[in-house]
Amino acid sequence: MNSPRATVSKVLTFSCVDGPGNRLVVFLQGCNFACKTCHNPHTMGLCNDCGDCIPACHAGSLSMQAGRVVFYPSQCDQCDACLRACPIHANPMVQSMGVGDVLGILRDNLAFLDGITLSGGEATTQLKFVVALFGAIKADPALCHLTSMIDSNGYLAPSGWAKVLPVTDGVLLDIKAFDRRTHLSLTGVGNARVLEAARFLHAAGKLQELRFLVVPGHTDTATEAEALCAFVQRLGGVRIRLNAFQHHGVIGAARDWPAASRDSIEAIAARLREHGVAEVVTPAVYV
């Protein structure tokens, strides 16, 4: 049987914000959410080979061959004009990568790494690849000391989580909102499965971090803060990361929304600490 392959949007060989220590981060293409506040909107869609990106590429790194958009990395100067031209938030610069390709990148950077994090998009939409890659890492004597984590929106069903948890060291889970209607407005889907995933992962000992995006006028309310505190208390404790909504990469109406301020973040952090939450991480930089 052939090893699963992944559609990869980008690879970072150095990141200190995607799990503990320094990590290789692989951004997988495709998402089952349509978040208005997404900082990587070009990772949402899958290219349908419409060709709208080709005229936008001044470097000639894109062409149409046999009805498919073809990317030539050596000619690309990373201007990202093709991303702005895409009508479905896709990325014509994606790569098809096998498990061996990612293992090779890990080996090349091994001296500097504490682990790997799969992000997106939504990494769990390519679950077979995730399971195969993490299983291969665990089975490799030279790589098995690395921690393997997933940055997820939590929409995977428990049956899916059960397949990947044996080879996963932790999940960084985003909760976009506790109010169902607010979550639906921000992401296009409800939040019941997300909350279920948080409970499931915590019970399994695999909820590495719970992330909450503070969006002024949407999730910075006292009601949302109290819901977050109550949810964490019912879980029995977990590391919380408060992220501040900013405009970097955002497209559409949310570009005109106000950015989250330090004061609003610190107010929610203080409330969490008052409720006995021991680990609350706030942004180091506000831009």
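Residues numbered from 1 in each chain as written. Predicted model: local features only at pLDDT ≥ 70, side-chain atom pairs only at ≥ 80, totals over all residues. Heavy atoms only, no water.

Novice: Please explain the overall build of the protein as it appears in this structure.
Specialist: Scanning the protein from N- to C-terminus turns up eight helices and 11 strands. Whereas a compact globule of 287 residues would reach a radius of gyration of roughly 19 Å, the protein reaches 19 Å, a difference of no more than 12%. Each principal axis of the C-alpha atoms in the protein carries an extent, and together these give about 60 × 50 × 35 Å. Taking all 287 residues of the protein together, 49% fall into the buried category. For the protein, the accessible area works out to roughly 13,100 Å², and carbon and sulfur atoms hold 54% of it. Side-chain charges in the protein split into 24 positive and 24 negative, and the spacing between the mean points of these groups amounts to 4 Å. (Helix = DSSP H or I, 4+ residues; strand = E, 2+ residues; numbered from the N terminus. Rg over C-alpha atoms; globule rule 2.2 N^0.38 Å. Buried < 20%, exposed > 50% of the residue type's maximum accessible area, 1.4 Å probe, protein only. Areas by Shrake-Rupley, 256 points an atom, 1.4 Å probe, with all protein chains shown as cover. Lys, Arg positive; Asp, Glu negative; His and termini not counted. Charge placed at Lys NZ, Arg CZ, Asp CG, Glu CD.)

Novice: Before we go on, may I ask you to explain the domain arrangement of the protein in this structure?
Specialist: Interface size is commonly expressed as the accessible surface area that is lost when the partners come together. Split by domain assignment, the protein resolves into domain 1 (5-42 + 94-281) and domain 2 (48-85). Computed over C-alpha atoms only, the centres of domain 1 and domain 2 are separated by 29 Å. (Domains from an automatic or database assignment.)

Novice: In this structure, what is going on with helix 3 (residues 127-139)? I would like to understand it.
Specialist: Helical periodicity: at 3.6 residues per turn, an α-helix aligns residues three or four positions apart in one direction. Compared with an ideal rise of 1.5 Å per residue, which puts 13 residues at 18 Å, helix 3 spans 18 Å between its outermost C-alpha atoms and is within 8% of the ideal. Taken as a whole, helix 3 has its buried residues at L127, F129, V130, L133, F134 and I137. Buried residues of helix 3, viewed axially, fall in a sector of 160 degrees; they line one side. Among the exposed residues of helix 3, those pointing more than 90 degrees away from its buried face are K128 and A139. (Expected span 1.5 Å × (residues − 1). Arc of directions from axis to C-beta.)

Novice: When you look at the sheet that holds strand 11 (residues 280-281) in this model, what are you seeing that I'm missing?
Specialist: Within a sheet, each strand pairs with its neighbour through backbone hydrogen bonds, oriented either parallel or antiparallel. Strand order in the open sheet formed by nine strands is 5-1-2-6-7-8-9-10-11, and the pairing between neighbours is mixed. Two strands lie at the open edges of the sheet, namely strand 5 (95-98) and strand 11, each paired on one side alone. The pairing of strand 8 (residues 170-175) with strand 9 (residues 207-214) spans five bridges and is parallel. Looking across to strand 9, one finds that V171 is bridged to L207. Strands in contact with helix 6 (residues 192-203) are strand 8 and strand 9; relative to strand 8, the strand with the most contacts, it is inclined by about 155 degrees. (Pairing = 2+ DSSP bridges. Contact = heavy atoms within 4.5 Å. Axes fitted to C-alpha atoms, helices over the stretch in contact; angles between N-to-C directions.)

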